[in-house]
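# Examination of the molecular architecture
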Amino acid sequence: ALTFGEFWQETYMPLQGHKAEKTIRREGDFFKIWLGPAFADKALKSISPMDVERLKSHMAAAGQAPRTVAYALNVLRQVFRTAARLGRFEGEPPTAKVKRPAQDNRRLRYLSEPEADTLLTALRSKGLDLYQFALVALHTGARASELHALTWADVDLSQGLLTFRDTKSGRNRHVYLSEKARAVLADRVKGGPSDYVFPGRHGKRLREVSKVFERAVAELGLNEGVSDRRQRVCFHSLRHTFASWLVSAGTPLFTVQKLLGHSTIQLTERYSHLAPDHVRDAVRFFDREPAEKVVSITRGMGHE
């Protein structure tokens, strides 16, 4: 009769040390506010899909956004997956048949070239490490977690190539460096093959982007008056900027997909509206015949 609360406190949370501190805090808050009151005293095996549906309804009635409800369901699903993996739960988890609320949570904000230059200048005035970290992210489209995991064994300056290993898609990804990014990495003190390129204190792996980045964005007013989180500038906006600039320059979406490491082209298609006019104008190939002539021929065939 292992309860949800017991498993959470004694087993699930102690196993989350690999996650970022803010993620651990957020999951703890979700347990305190939502998951705990709903399930803490219930046996794991007694929690039903209907119980999960009630949680969804309760959160929606409390004014929680669809993405917040979806996050709660994701955490709940992780708990049951962990319990099943450890032999503490058998059968189908109660989240399996519960639909997540519809949402479009994708960030849309990217920087213009003047905004990016201003931000990099501001970061440079605050510290060399964060400036270099941000510039390499902007010029490679790398996620912060990928740069945190980057070691000198993954850097080939002679070829101008980075290798990101075990990425979010589960695959390794190779990215060529711009001359500016190569110069930044060449300027850093190179360690052994297993040393991190952007280490934290005592050479340990970083888990979060420095709060100095948020302060620089705030000081520049880049998020002033913006309430929609999808439109707010954050560190991940550098990745979107990388992709947006490439598409705007006419780079094929398939190429951008490979550079970003997206598992499907659908993930990359969010940038398709940025394609330059010459891509849209390609359909003018079909306008070699005047439209009036096409209409005339069609009507001659008996069609109105």
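Okay, so let's go over this structure. All figures in this text were calculated on a predicted structure; none of them were measured in a lab.

## Thoughts on the packing of aromatic side chains
Tallied over the entire structure, the rule returns eleven aromatic pairs. Each ring, one from Phe 80 and one from Phe 89, has its centre 5.0 Å from the other, and the planes form 75°; the classification is edge-to-face. Like Phe 80, the residue Phe 89 is buried in the burial classification. Chaining the aromatic ring pairs together yields one cluster made of Phe 4, Trp 8, Tyr 12, Phe 31, Phe 39, Phe 80 and Phe 89. In this structure, Arg 124 is placed above the aromatic ring of Tyr 131, and the distance from its NZ or CZ to the ring centre is 5.9 Å.

## Concerning the nonpolar core
Counting 36 residues, the largest nonpolar core has Leu 147 and Leu 238 as its most contacted members. When contributions to this core are tallied by element, the ones reaching two or more residues are helix H5 (113-126), helix H6 (128-140), helix H7 (144-149), strand E2 (161-164), helix H8 (179-187) and helix H9 (211-220). Residues within four places of Leu 147 in sequence aside, it is in contact with Phe 133, Val 136, Ala 137, Ala 142, Phe 164 and Phe 198. Counting residues in hydrophobic clusters, the runner-up holds 28 residues, among them Tyr 12, Tyr 71, Ala 83 and Val 98.

## A look at the environment of Arg 232
Along the polypeptide, Arg 232 turns up in the loop between H9 and helix H10 (237-248). Taking C-alpha positions, Arg 232 is 9.7 Å from Val 217, a pair spaced 15 residues apart along the chain. In this structure the side chain of Arg 232 is engaged in a polar contact, spanning 2.7 Å, whose partner is the backbone oxygen of Val 226.

## Quick notes on the side chain of Gln 132
Locating Gln 132 in the fold gives a position in helix H6. The residues touching Gln 132, leaving out its near neighbours within four places in the chain, are Val 184, Asp 187, Arg 188 and Phe 198.

## As for the pattern of salt bridges
With the rule as written, the count across this model stands at twelve salt bridges. Linking Glu 27 and Lys 19 is a salt bridge whose minimum nitrogen-to-oxygen distance equals 2.7 Å. Residue Arg 188 pairs with Asp 129 through a salt bridge whose shortest N-O separation is 3.2 Å. Of this pair, Arg 188 sits in the loop between H8 and H9 while Asp 129 sits in helix H6, and the two are 59 residues apart along the sequence. Look at Asp 129 and you get partly exposed, because its relative accessible area is 49%. Because the salt bridges share partners, they merge into one network encompassing Arg 143, Glu 146 and Arg 173.

## Description of helix H11 (residues 253-260)
Spacing of three or four residues puts side chains on the same side of an α-helix, whose turn is 3.6 residues. All buried positions along H11 are accounted for by Val 256, Gln 257 and Leu 260. The buried residues of H11 all sit within an arc of 105° when viewed along its axis, so they share a single face. A positive backbone phi angle near 80° is found at Gly 261, which sits one or two residues after H11.

Procedures and definitions
Residues numbered from 1 in each chain as written. Predicted model: local features only at pLDDT ≥ 70, side-chain atom pairs only at ≥ 80, totals over all residues. Heavy atoms only, no water. Phe/Tyr/Trp six-rings, centres within 6.5 Å; stacked < 30°, edge-to-face > 60°. Buried < 20%, exposed > 50% of the residue type's maximum accessible area, 1.4 Å probe, protein only. Lys NZ or Arg CZ within 6 Å of the ring centre and 35° of its normal. Core = buried A, V, L, I, M, F, W, Y, C linked by side-chain atoms within 4.5 Å. Helix = DSSP H or I, 4+ residues; strand = E, 2+ residues; numbered from the N terminus. Contact = heavy atoms within 4.5 Å. Polar contact = N/O pair within 3.5 Å; in protein donor to acceptor, adjacent residues only side chain to side chain. Salt bridge = Lys/Arg side-chain N within 4 Å of Asp/Glu carboxyl O. Arc of directions from axis to C-beta.

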